[in-house]
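Given next are the chains, with one letter for each unit.
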Amino acid sequence: MLAEPWSRAFKGRWIEHTIESQALAGNPLGDPASRPLWVYLPPGYEESAHRRFPAIYVLQGLMGQVDMWWNRSAFRPTVPELVDALFGPDGDHGPDGDHGPDGDHGPDGDHGQGSPPPALVVLVDAWTSIGGSQFLNSPATGRYLDYLCEEIVGYVDARYRTVPEPGSRGVSGKSSGGYGAMVVPMLRPDVFGGLASHAGDAGFEWCYLGDLAVAARSLRDDYGGSFERFWSDFRSRPAMRRASDAALVNAYCMAACYSPETDGKVTLPFDPLTGRLDEEVWARWLSWDPLRMAGSHVEALRSMRAVWIDAGRSDQYFLDLGAQAFSAELFKLGVEHHFELFDGTHSAIEYRYPLAWSYLASRLQPG
């Protein structure tokens, strides 16, 4: 779908809400507990007074906040436009996927060909002032797993004609959002019964160690081994001006999610002066790797009605390797799923989202 240069009228309806979160109240970072929430109603929702609809919850990647979905790139539709094109009449669902030898390991399905059944789409904000939350409960960031599963889902179910059952709820996302899409259903299969992960964080040795090395070097050379000095400098100037900024933000944010202490202290997996890996702390990180988690959450994964995993073959963070390994683990565990590698990197892959949303919507229908 070639985007028009200006906003256009939606066939469905986007509604903005503000949710007052008890789970995030008093969070350790002092981030707002009042959060924006957007809900998409497909065409015909108002006229179908007795019909109930599945819901797809969409998570953002690291450093994402919900209003970024409306950002426009040249010649490309925004994400809200992609949602509307998919679920509106005669929608354009993007290019057909290549479902060749890299594999569909589940039942054959509709991967974006033809209009899918209608669904609600919910855009979730889980931003934090250190970049993100990984959609987990952490004493260093806040209770973002509870916020999503207890508050946002309950808020949407109470106000819209959803199907209030896990088998009619899906969660999707890219990168850190894709991580959340993999992990949240493992932890809370009582809430979500379907998932779609685009280049989600998995295979931590490949996707994180490179950034940890960059972060360690910058801490040594630029900040005297102190993350406090980094954050003070980072917040005093335009963000992302230094080449090492992204790696430092990523390293600290992940440590806050994967290796926090009960008092909220953030424990790094490496020595900030020498860069030497701390094997004990690193093992704590690995315990949150979806590849390692899958084996202890087999029943949760097998209960999913829809599992979609994909990634670009040339992903800059090697998340294609993580996706492929996660798919292999699911196959070994007997979890039906769709897996695909496509030609692309980690960037500009939003055109893949409608393929997964169509897949979820088709499998999460009630009845």
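Below: a short report on this structure. (Residues numbered from 1 in each chain as written. Predicted model: local features only at pLDDT ≥ 70, side-chain atom pairs only at ≥ 80, totals over all residues. Heavy atoms only, no water.)

1. A word on the packing of aromatic side chains
Okay, so step 1: Taken as a whole, this structure holds 26 aromatic pairs when the rule is applied.
Okay, so step 2: Taken together, a centroid distance of 5.6 Å and an interplanar angle of 90° make the contact between Tyr208 and Trp285 edge-to-face. With a gap of 77 residues between them, Tyr208 in helix α4 (residues 204–222) and Trp285 in helix α7 (residues 279–286) connect regions that are remote in the sequence. The exposure classification of Tyr208 matches that of Trp285, with both residues buried.
Okay, so step 3: An angle of 55° between the planes, with centres 5.1 Å apart, marks the rings of Phe230 and Trp231 as tilted.
Okay, so step 4: Relative accessible area serves as the criterion here: at 0%, Phe230 is assigned to the buried category.
Okay, so step 5: Judged by its relative accessible area of 8%, Trp231 falls in the buried class.
Okay, so step 6: Taken together, the ring pairs in this structure connect Tyr179, Phe204, Tyr208, Tyr258, Trp282 and Trp285 into an aromatic cluster.
Okay, so step 7: Across the ring face of Tyr155, the terminal group of Arg159 is positioned such that the distance to the ring centre comes to 3.6 Å. (Phe/Tyr/Trp six-rings, centres within 6.5 Å; stacked < 30°, edge-to-face > 60°. Helix = DSSP H or I, 4+ residues; strand = E, 2+ residues; numbered from the N terminus. Buried < 20%, exposed > 50% of the residue type's maximum accessible area, 1.4 Å probe, protein only. Lys NZ or Arg CZ within 6 Å of the ring centre and 35° of its normal.)

2. A closer look at empty space enclosed by the protein
Okay, so step 1: For the structure shown, the criterion picks out two cavities of 30 Å³ or more.
Okay, so step 2: In this structure, the largest cavity encloses a volume near 80 Å³.
Okay, so step 3: Every residue lining the largest cavity is listed: Gln60, Gly61, Leu62, Gly64, Ala126, Trp127, Gly131, Gly132, Ser133, Gln134, Phe135 and Ser176.
Okay, so step 4: By residue class, the composition of the lining of the largest cavity is four nonpolar, eight polar and no charged. (1 Å grid on protein atoms, 1.4 Å probe; cavity = no way out; pocket = protein on both sides within 12 Å on 5 of 7 lines; lining within 4 Å. Points joined across faces, edges and corners; volume = space filled by probe spheres on them. Nonpolar A, V, L, I, M, F, W, Y, C, P; charged D, E, K, R; others polar.)

3. Quick look at the layout of surface pockets
Okay, so step 1: Counted as a void, the largest pocket has a volume near 980 Å³.
Okay, so step 2: Elements with a minimum of two residues in the lining of the largest pocket: α4 and α6 (245–258).
Okay, so step 3: Examining the composition of the lining of the largest pocket, we find that four residues originate from one element, α6, more than from any other.

4. Observations concerning the sheet that holds strand β10 (residues 338–342)
Either a parallel or an antiparallel arrangement is found when strands of a sheet pair, and the pairing is made through backbone hydrogen bonds.
Okay, so step 1: Read across the open sheet, the eight strands follow the order β1-β2-β4-β3-β7-β8-β9-β10; overall the sheet is mixed. Lying at the two open borders of the sheet, with one neighbouring strand each, are β1 (13–20) and β10. The sheet shows a mean angle of 15° between the axes of neighbouring strands, taken without regard to direction.
Okay, so step 2: Where strand β8 (residues 194–198) and strand β9 (residues 306–312) come together, five bridges link them in parallel fashion. Across the sheet, His198 pairs through a bridge with Asp310, a residue of β9.
Okay, so step 3: Packed on one face of the sheet, helix α2 (residues 144–159) meets β1, β2 (34–41), β3 (55–59), β4 (120–124) and β7 (169–174) and runs near 125° to β1.
Okay, so step 4: Seen against the sheet, helix α10 (residues 319–333) touches β9 and β10 and runs at an angle of roughly 150° to β9. (Pairing = 2+ DSSP bridges. Axes fitted to C-alpha atoms, helices over the stretch in contact; angles between N-to-C directions. Contact = heavy atoms within 4.5 Å.)

5. With respect to unusual backbone geometry
Okay, so step 1: At Ala199, a position not held by glycine, the phi torsion is positive, near 50°.
Okay, so step 2: By secondary structure assignment, the location of Ala199 is in the loop between β8 and α4.
Okay, so step 3: Of note in this structure, Ala348 is not a glycine but carries a positive phi near 55°.
Okay, so step 4: Locating Ala348 in the fold gives a position in the loop between β10 and α11 (353–363).
Okay, so step 5: With relative accessibility at 43%, the residue Ala348 sits in the partly exposed group.

6. Points about the pairing of β3
Along any regular strand, the residues point their side chains to alternate faces of the sheet.
Okay, so step 1: For β3, the tally of buried residues reaches five of five residues, placing the bulk of the element in the interior.
Okay, so step 2: Across the two faces of β3 the burial is the same, with Ala55, Tyr57 and Leu59 and Ile56 and Val58 all buried.
Okay, so step 3: Here β3 pairs with β4 via four bridges, running parallel. Note that in β4 the partner of Ile56 across the bridge is Val121.
Okay, so step 4: Where β3 and β7 come together, five bridges link them in parallel fashion. Residue pairing for β7: Tyr57 is matched across the bridge by Val171.

7. Some thoughts on the nonpolar core
Okay, so step 1: Within the largest apolar cluster, 88 residues are counted, with the highest numbers of intra-cluster contacts made by Tyr57 and Trp285.
Okay, so step 2: Tallying contributions element by element places α6 first for this core, with 10 residues.
Okay, so step 3: Of all hydrophobic cores here, the second largest spans 26 residues; its members include Leu86, Val121, Trp308 and Ala361. (Core = buried A, V, L, I, M, F, W, Y, C linked by side-chain atoms within 4.5 Å.)

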